[in-house]
Amino acid sequence: MNAVQHPDLRIGRPNWASVFFTGLTGLATFLILAILALILGNALYHGWSNFNWRFLTGGTAKGMFSGGNGIWPMIYGTSARVILMTIFVMPVGVITAIYLTEYAPSGSLLTRFIRSAVNNLAGVPSIVFGLFGLGFFISFIGRNMDAALNPGVEAPVWGKPALIWASLTLAVMTLPVVIVATEESLRAIPQGLREASLALGATKLETVVKIVLPQALPGIMTGAILAIGRAAGEVAPILFTGAAYYMASLPHALSDQFMDLGYHIFILSTQSPNVTETRPIAYATVLALLLLTFSLNLVAILIRARMRSKMRAMH
Amino acid sequence: MVEAKPLKSVSVQTAPPPAAAPGEEYLIEVAGLNLHYGHAHALKDISFKLRERMVSAFIGPSGCGKSTLLRCFNRMNDLIDSVRASGRIKIGGQDIMGGDIDVIELRRRVGMVFQKSNPFPKSIYENIAYGLKLQRHRSKSDLDAVVEKSLRDSALWDEVKDRLHASALGLSGGQQQRLCIARAIAIEPGIILMDEPASALDPIATAKIEELILKLKKNFTILIVTHNMQQAARISDYTAFFYLGELVEFDTTSRIFTNPANKRTEDYVTGRFG
Amino acid sequence: MVFLIFVFIGRESLPVFLGKTDTATAKFIPVDQMDHLTPEQLRQYLLLSPAEFKGKSREFLRHKMELREEEAKESGDNKDAAINTTRWRYMLRPYQWSDYNRPEFIWQPRGEIQKFNIIPLVVGSLKVTTVALLISVPLSLAAAIFVSQLCPVRIRELIKPGIELLAGIPSVVLGFFALNVMAGVLQGIFHYRSALNALLAGAALGLAVVPVVFSIAEDALTSVPRSYVQAALALGSSRWQAAWQVVVPAAVPGIFAAIVLGFGRAIGETMIVLMASGNAGVMSWSLLDSARTITATIAAELGEAVQGSPHYRVLFMIGVLLFVVTFLSNLAGELVMQRLKGRLEGKR
């Protein structure tokens, strides 16, 4: 094998196969983004005309489509159920995550079982959660609450679709999101910090509460916001656990039903008597929902980005 | 210049490299090479010339640009965003820093062996065949022949001939590195760049690699970066001493290690720093 | 927690599994036998839950029994009425009902004779999911390869969040988009009968699946050690050759997991198929016919099913079925990933 004395001229001679495939995959990427832009553009284009302050704040007291009405009840309903959900899911999720990262002996069977359960919970279809809400919260807990609190009364108070059951169902659904986000942010905290605290004589609990948690707060908040973003757009779980198409007034009690942005879009699209008339309204509602979910996601991303740069500065 | 003291723990190649025949050309010529990593000036005005079928070692304390320089020869620095390079590197008379150079073709002619062995997660056979299959269609018997030759030339054939289709990841560190060498020479490059090839290996494996390099020298031009001065002294014909991005001295190995012209070179080589 | 879910959905559908539900209306117990029944037997015969049964007057119960007897007598001549349609034989295998001239798979819970064959639903789900995967997997994988291996770093930082934005679109909105925009487009291209069909639903579903497959596959591709890429490039490969011949094979476990998770997401998606698939419970393998999936069925019919009735319980049963399927596919994905990842890292 002789060493090449004078290698022949190397003018660019492109490998056609490589160029082709690189272009193809780039095209695929572009296509996905184009469809995304199409969806957003379509919603913006058709929904913009109806999208005004009156629309957002008007109510439905005088019937669904009479003058002066708007989607405020839907915004209220969506927000209410999402806020309630957050109140339920955060403590449980954060505590579980703390247990998994700080206290549980790693590799033990229980830990692995819980981890696996969390992962699988994340993959359960949303409608199955709806069934769970119906079968567990409403039929079991709600029904028994009625039997205990209002014996002899015919119409069920708690044993029917209600704001509280929808919120609880959503809480169960978003539990994995919160747990994972919290775990991630807990793990990102260097072990040295915990050791320093323990070396000063603090108990494990004190260390967790006073040192670890405050540091992990941005990450936990990210998790909360991601959960909220996801839950705000979900319709399947609330189909039979609390959403209603039309209500004359806002929900007063936890046992009331509520109106919802996503549900409204769904009903308008599939069961509306006059599709052409209601389509613009539907588009405007879509716009409202998109605005809500995207701004939530954006906030979460911003917090995460700032957290990352702070982490980098710390090390 | 202070009278040179014979260096104790260094054994220099006894046979000096063949003198260049008059008019023989240099294979590699570097002129005025400058390289910046962002704002840091990593290589400062490097110039030297190398003949073919020699082993040239780049020595110097860590972080002074040796690996960076090595990676200029096959344009692997292109992969790093913040790198800006200027100057000329001629290989076989062509400036490889030019804009019309087919970098991929360049890399086929200038092979590289990395510090940490990096065989693909494929079989031993597939690792070596990979580079061959990139170039042109060969028959299976062709591939088999080249694979065997490469493994023989890398002193690995006897150890793996019965398990060519086993995963390359199952080999020991030293064997993996020899496999990487076999993979590099299979496509018949003229020049092989080695970036501290034995630094992660135990002494026995290191010795085998060094033996291999001396054998390969007959057919390839080898540029090797090494931290290990004794290694440089053992295997190289020429040595270049780098310090803080500058080429301080470049000469035959025997001269560098016994009678260096530059004081800094002498300090490094006698172990006063580095 | 997962266990709890399983238990309570299972609870609702258990009677179906155990064969205790009985939709045969021809069978009845004569009214005057009422006093011979224990309260429990009476409750079950009248299909009342314990809470509903408690406190009902004797008059009320007697009245209900009379109703049933009437029902039974009316349907006496319809031979189908004697069948318990919730037995497994009728839920899985085709049967020739009295007004059809050959055996058919039919899901039709409304009407006199409730038909609960679940095969049309399963086929519907599979059709839609297959279309979704066929569309989204090649697209997402191509994009993942491009973004992680082939495109400049600066562009990558823009594209990744872009595709993740697609993940943030609620499925209701995707269904809405399918109805209003895609339906028209597809009908214009293919000129078929029903505008809402499996193809449309599958396409829209594909959009929902793309972010899932993309992000997991891209993660897997990026986790392949850079040393492999460097080695390949140093041997003179182009970026595409290095990506296709070295990185992709090394990332196969992650890519496989991405597809499995995409499958789980597709088969469990409700809103998109509810809005775009047409919802006709016809048994058909054609993609251009209206289809009905398991998820859409549950969503559409649960609201109308009487609590505790056989229909109700059957709906819960298919919910359990869905749960089991997604659970198993997620488990499979996890196991494959762990095992192959272990193999790759173990040798190193």
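Residues numbered from 1 in each chain as written. Chains lettered and ligands numbered in written order. Predicted model: local features only at pLDDT ≥ 70, side-chain atom pairs only at ≥ 80, totals over all residues.

One non-glycine residue, B:R53, lies in positive phi territory at about 55°. Tracing the backbone shows B:R53 in the loop between β2 (40-50) and β3 (55-59). (Helix = DSSP H or I, 4+ residues; strand = E, 2+ residues; numbered from the N terminus.)

Residues in a regular strand project their side chains so that they alternate between the two faces of the sheet. All names here are of chain B. Pairing of strand β1 (residues 28-37) with β2 involves seven bridges; the strand directions are antiparallel. When the bridges of β2 are listed, E29 appears paired with K49. Taken together, β1 and the strand that follows it, β2, pair antiparallel across an intervening segment of two residues, in which G38 is found at a positive phi of about 65°. (Pairing = 2+ DSSP bridges.)

Let us now look at the interface of chain C and chain A. With 56 residues of chain C at the contact, the number on the chain A side is 53 residues. The leading source of residues in the side of chain C that touches chain A is helix α15 (residues 310-347) of chain C, at nine residues. In terms of residue class, the side of chain C that touches chain A is built from 40 nonpolar, 13 polar and three charged. (Contact = placed C-beta atoms within 7 Å. Nonpolar A, V, L, I, M, F, W, Y, C, P; charged D, E, K, R; others polar.)

Here we come to the confidence of the model for chain A. The pLDDT averaged across chain A works out to 77; a share of 83% of its residues lies at or above 70. Under a pLDDT of 50 for its full length, residues 1-5 of chain A has, in the predicted model, twelve contacts with residues more than four places off or in other chains. (pLDDT = per-residue confidence, 0-100.)

We now examine the sheet that holds β1(B). In sheet architecture, strand pairing relies on hydrogen bonds along the backbone and comes in two forms, parallel and antiparallel. Here four strands make up an open sheet; going across it, the order is β2-β1-β4-β5 (chain B) and the pairing antiparallel. Both outer strands of the open sheet, β2 and β5 (94-95) of chain B, are each paired with one neighbouring strand and no more.

Residue and element names in this part refer to chain B. Across the sheet, six strands lie side by side as β6-β7-β8-β3-β9-β10; this open sheet has mixed pairing. For this open sheet the edge positions go to β6 (110-113) and β10 (246-252), each flanked by a neighbour on one side alone. Each neighbouring strand pair of the sheet contributes to a mean axis angle of 15°, computed without reference to strand direction. Of the strand pairs in this sheet, strand β7 (residues 191-195) and strand β8 (residues 221-225) are connected by five bridges, and their pairing is parallel. (Axes fitted to C-alpha atoms, helices over the stretch in contact; angles between N-to-C directions.)

What follows concerns the environment of A:S116. Residues and elements named next belong to chain A. Along the chain, S116 turns up in helix α4 (residues 109-122). Since 14 C-beta atoms lie within 10 Å of it, S116 is described here as partly exposed. For the pair S116 and Q215, spaced 99 residues apart in sequence, the C-alpha to C-alpha distance is 27 Å. (Buried ≥ 20, exposed ≤ 12 C-beta atoms within 10 Å, placed from the backbone.)

Time to look at the nonpolar core. Residues and elements named next belong to chain C. In this structure, A178, A204 and I272 are the most contacted members of the largest nonpolar core, which totals 246 residues. In terms of residues, this core owes the most to one element, helix α9 (residues 198-223), which gives 18 residues. Once residues lying within four places of it in the same chain are set aside, the contact partners of I272 are S171, L174, G175, A178, A201, A204, L205 and A208. (Core = buried A, V, L, I, M, F, W, Y, C linked by C-beta atoms within 7 Å.)

Okay, helix α8 (residues 171-190) of chain C next. Residue and element names in this part refer to chain C. With 20 residues, α8 extends just 25 Å between its outermost C-alpha atoms, more than 12% less than the 28 Å of an ideal straight helix rising 1.5 Å per residue. The axis of α8 is deflected most strongly, by about 45°, at M182. Every buried residue of α8 is accounted for by S171, V172, V173, L174, G175, F176, F177, A178, L179, M182 and A183. Just downstream of α8, H191 is the residue with a positive phi angle, here 50°. (Expected span 1.5 Å × (residues − 1). Bend = angle between axes of the 7 residues up to and from the residue.)

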